Amino acid sequence: AKRRTIDVDQLADDVRHGKRPGLARAITLVESTRADHRDLAQQLLLKVGSEGAAKSNRVGITGVPGVGKSTFIDGLGMYLLGLGHRVAVLAVDPSSTRTGGSILGDKTRMARLSVERDAFIRPSPTAGTLGGVAKATRETIVLLEAAGYDVVLVETVGVGQSEVTVANMVDVFCFLTLARTGDQLQGIKKGVLELADLVAVNKADGRHELEAKAAARELQGAMRLIHPRDSLWRPPVLTMSGLNGTGLDTFWDTVLKHRGVLTEAGEFAEKRRRQQVDWTWTMVHDQLLRRLAESPGVKSLRAEVESQVRDGSLTPALAAEQILRAFDA
Ligand code: GDP
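Caption draft 1: Main features of the site of the ligand. Around the ligand sit 15 residues, and of these Gly66, Lys69, Thr71, Arg109 and Asp205 come closest. Between the ligand and the protein, one listed contact pairs an oxygen atom with a backbone N or O atom of Gly66 at 2.7 Å. Thr71 has a polar side-chain atom sitting 2.6 Å from an oxygen atom of the ligand. For the ligand, whose accessible area on its own is 580 Å², the fraction buried by protein is 68%. Tallied by class, residues from the shell around the ligand come to four nonpolar, seven polar and four charged.

Caption draft 2: Summary view of the nonpolar core. With 47 residues, the main nonpolar core has Leu23, Leu44, Leu143 and Leu144 as its most contacted residues. By residue number, the principal contributor to this core is helix H6 (residues 130-146), which donates six residues. Membership of the second largest hydrophobic core comes to 27 residues, among which are Val59, Val172, Leu248 and Val255.

Caption draft 3: Structural detail: the packing of helix H3 (residues 35-48) against H6. At a closest axis distance of 10 Å, the pairing of H3 and H6 adopts a crossing angle of 35°. Seen along the crossing, H3 lies across H6 with a hand that is left-handed. The segment H3 lies against H6, with Arg38, Gln42, Leu44, Leu45 and Val48 engaging Lys135, Glu139, Val142, Leu143 and Ala146.

The rules behind each value
- Residues numbered from 1 in each chain as written.
- Predicted model: local features only at pLDDT ≥ 70, side-chain atom pairs only at ≥ 80, totals over all residues.
- Heavy atoms only, no water.
- Near = heavy atom within 4 Å.
- Polar contact = N/O pair within 3.5 Å; in protein donor to acceptor, adjacent residues only side chain to side chain.
- Areas by Shrake-Rupley, 256 points an atom, 1.4 Å probe, with all protein chains shown as cover.
- Nonpolar A, V, L, I, M, F, W, Y, C, P; charged D, E, K, R; others polar.
- Core = buried A, V, L, I, M, F, W, Y, C linked by side-chain atoms within 4.5 Å.
- Buried < 20%, exposed > 50% of the residue type's maximum accessible area, 1.4 Å probe, protein only.
- Helix = DSSP H or I, 4+ residues; strand = E, 2+ residues; numbered from the N terminus.
- Axes fitted to C-alpha atoms, helices over the stretch in contact; angles between N-to-C directions.
- Left-handed = near helix turned anticlockwise from the far one by under 90°.
- Contact = heavy atoms within 4.5 Å.

As structure tokens, then:
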């Protein structure tokens, strides 16, 4: 294949000037898993700088398929454009790495936003592990902020670790749900409520409006049990309709209020710094595990050690020691 040389300076310039084709190419570069691309991508990230980061809002959005995420993001995005923001939408879709197709972040799902000049929609990377997708997404956020997008919406679905992954890369993590009361509440994973800074009962319109409000009150009670000691921020439960646009303003006001409260306490910038350090270690862990799996010493001993553990002639603890010794060697 013909390899085009990549001019990192030019690319950084294009990104900083918000040129779409350059930005798209820059994102493709950070998504690439090729070794030479990885180096260039890191150079690029250093070159574009982090000036845009200070005023950006990174918002995570999760909810089961059908809850109305794309309708909501389309509506919220249009509302934010109206306020003068520039809006980017990213997706973290772990299933796309298996199927090669991305449902989340598909432009056709956000019909109005996708044709707007000040909006940028990028589907989930379709190659690599969740760790790989997360890395690309984090680095894409840096590029988007450098390009002047001051609102970055990161969408995901509640599959496995993807919610934790997204919660760890955004300022505020929002959980969209539908009107559920009593026993149905049990169907909501406690894990996601622990991660959520904001819960919104969506599709609160038409004949479902009252039902949604009742469900929100009940959910608020459940949230109090899950976040009993959170003195800084009590995650509120809102109602809204992404379809007819009611509650989008309150949703956004709440995002800003959350930012204000954290900033006031010195926690906003600290949260981002902490995320950077945590992320560093996540990558160290991931890469160590990969090297371990690829280590010739470990590979040659693996089958034998596993079979000894299976038949009980070796304890798991001793087996672990042998594997690590083979890795060190
Ligand atoms: P996603 O899978 O979470 O992205 O959900 P979609 O945005 O694709 O919405 C799923 C279905 O719910 C579609 O038929 C939408 O028209 C409908 N829908 C989305 N938001 C609302 C809403 O606020 N109210 C009502 N009544 N329907 C909605």
